[in-house]
Each structure stands twice: as structure tokens, then as C-alpha cells.
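Understanding the architecture of this molecule
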Amino acid sequence: MPLGPLLAAEAAAAVPDGAGIEAADLEQAVWLRLLERGGTLPADPERWVRAVVRAEAHAAVRALHGRLPRDGAGGGAEPAARDVLETVLAAERRRRLAAVVRTLPGRCPQLVAALMSGADPTYREISRELGISQGSLGPLRSRCLGCLRAVLKSRVESPAVRGKAR
């Protein structure tokens, strides 16, 4: 089964009513998580997609409501060691993602970099920085995220390629 339709269905099902998050945002988060894996699918991609969509939905709801994970969540490592490991892994993911974003066409690298920046700029600030109208940012954002999605899909092998044992 191709990942796109499965991901779309899982993301739509995972969005709680009135939560203030969108299925498309969950889909993008899952594609980014796949990129963080180096574009390689796990042995059971359907199960992985379901698990990651649920995790991203919970994270989005927590972030929206300002909740942080409870202490001790995330594994058995010592808190200080876990924090260092998470910091190193997050830096590596950002480095990989930045490398892929730089390969996007046109103004997409600048737009996606601005959207990903820790400063969390407004559309007005981004439009001023890029020298384009604020009204064109939405369509440009959609096109750029579509390009990013295509790049991510091209780096992922299809589960059907592996063949089926009978």
C-alpha cells in the first residue's frame, strides 16, 4: 500500500474534533519524521505510520495547550543523559532537514527556512523578508511543502518493491 493514502487517512482520523490542529499538518510532521530516519522505511511501514501519526497528534495537542510531557516519559536513560542525547539527535535532524530544504526550487528554501526558524515569524515578517506580498505566501507555502513532500517521497522506497512472500 502506498504511504500517501494511508498517511492521509490516519492523519484525518487522528485529529480530535475542535482540537485546533489540521490533518495536513500531521501529514507534514510524519513526512519530516521519515526524513529524519534518513528516508528509510521500517519493516512494518503501516504500523510505523499509525504510531507516528498518533504521537504527532498528541504532541500537537500538548503544544497547542501548553502542556509538557510528564517527567520520566521517553525512556529509561538518566534525565541529563537523555536531554543531551535528545539535543544531539534534534541537531542532526535539523541539519538533515536543512540540507533537503536547500535543494528545493525557487524561493522555497528561503520560505521553508523562515517557517522553520525558531523565531516563529509572522506572515507579514516573512513577506517583508522575501519581498513578496503577504497574500501570496499561502499558495507559495503550499507549493513549497508539496515540493518538500515530493522530495521526501522520492527518498522513500515503496513497500511494494520489497515483494511479498507466500
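Numbering of residues starts from 1 in every chain and runs along the sequence as written. Totals for whole chains, interfaces and linings use every residue, but because this is a predicted model, local features are given only for residues with pLDDT of at least 70 and side-chain atom pairs only at 80 or more, for both listing and counting. Only heavy atoms go into the side-chain values, all of them from the structure, while hydrogens and water stay out.

- Looking up the chain in an unreviewed UniProt entry gives the name Sigma-70 family RNA polymerase sigma factor, with the organism given as Actinacidiphila acididurans.

1. Points about the overall build of the chain
- Comment: elements are numbered from the N terminus, with helices defined as DSSP H or I runs of at least four residues and strands as E runs of at least two. Assigned secondary structure in the chain consists of 7 helices and 0 strands.
- Written out in order from the N terminus, the α and β elements of the chain read α-α-α-α-α-α-α.
- Counting only residues that meet the buried cut, the chain has 30% of its 166 residues in that class.
- Here, two residues are considered to be in contact whenever any of their heavy atoms come within 4.5 Å of each other. Residue pairs in contact within the chain that sit at least 24 positions apart in sequence constitute 59% of those at least 6 positions apart.
- Accessible surface is estimated by sampling points in the Shrake-Rupley manner with a 1.4 Å probe; for residues, cover comes only from the protein chains shown. Approximately 10,600 Å² of the chain is accessible, and the part contributed by carbon and sulfur atoms is 54%. The cut-offs for exposure are 20% and 50% of the maximum accessible area for each residue type, with area from a 1.4 Å probe on protein chains only; residues under the lower value are buried, those over the upper are exposed, and the others partly exposed.

2. Observations regarding the pattern of salt bridges
- In the sections that follow, a salt bridge refers to a side-chain nitrogen of Lys or Arg positioned within 4 Å of a carboxyl oxygen of Asp or Glu. Taken as a whole and assessed by the stated rule, the structure comprises 3 salt bridges.
- For Glu-56, the salt bridge is made with Arg-33, and the minimal N-O distance between the two is 2.6 Å. Note that Glu-56 is positioned in helix 3 (residues 45-64) and Arg-33 in helix 2 (residues 23-36), a separation of 23 residues in sequence.
- Here Glu-56 falls in the buried class, since its relative accessible area comes to 17%.
- On the basis of relative accessible area, Arg-33 is assigned to the partly exposed category, the value being 29%.

3. Notes on the environment of Thr-122
- By the secondary structure assignment, Thr-122 is in the loop between helix 5 (108-116) and helix 6 (123-130).
- Considering only alpha carbons, one finds Thr-122 and Gln-134, 12 residues apart in sequence, at a separation of 9.7 Å.

4. Some points on helix 2
- Expected helix span is given by 1.5 Å per residue-to-residue step, counting one fewer step than there are residues. Over its 14 residues, helix 2 extends 20 Å from the first C-alpha to the last, a length consistent with the 20 Å expected when each residue adds 1.5 Å.
- Along helix 2, the positions that sit buried rather than exposed are Leu-26, Glu-27, Gln-28, Val-30, Trp-31, Leu-34 and Leu-35.
- Following helix 2 by one or two positions, Gly-38 adopts a phi angle in the positive range, close to 85°.

5. Quick word on the layout of surface pockets
- The distinction between a cavity and a pocket rests on a 1 Å grid over the protein atoms alone: a 1.4 Å probe fits inside a cavity but cannot get out, while a pocket stays open yet meets protein on both sides within 12 Å along at least five of seven lines, and a residue with an atom within 4 Å of a point counts as lining. Grid points are joined across faces, edges and corners, and a volume is the space filled by probe spheres set on the points. There is about 1,100 Å³ of room inside the largest pocket.
- In terms of lining, the largest pocket is formed by 25 residues, of which the most central are Asp-25, Gln-28, Ala-29, Leu-32 and Glu-56.
- Breaking the lining of the largest pocket down by element, the ones donating at least two residues are helix 2, helix 3, helix 4 (79-101), helix 5 and helix 7 (137-154).
- The leading source of residues in the lining of the largest pocket is helix 2, at 7 residues.
- Residues that form the lining of the largest pocket fall into these classes: 14 nonpolar, 1 polar and 10 charged. Gly counts as polar in this scheme, as do all residues outside two lists: the nonpolar Ala, Val, Leu, Ile, Met, Phe, Trp, Tyr, Cys and Pro, and the charged Asp, Glu, Lys and Arg.

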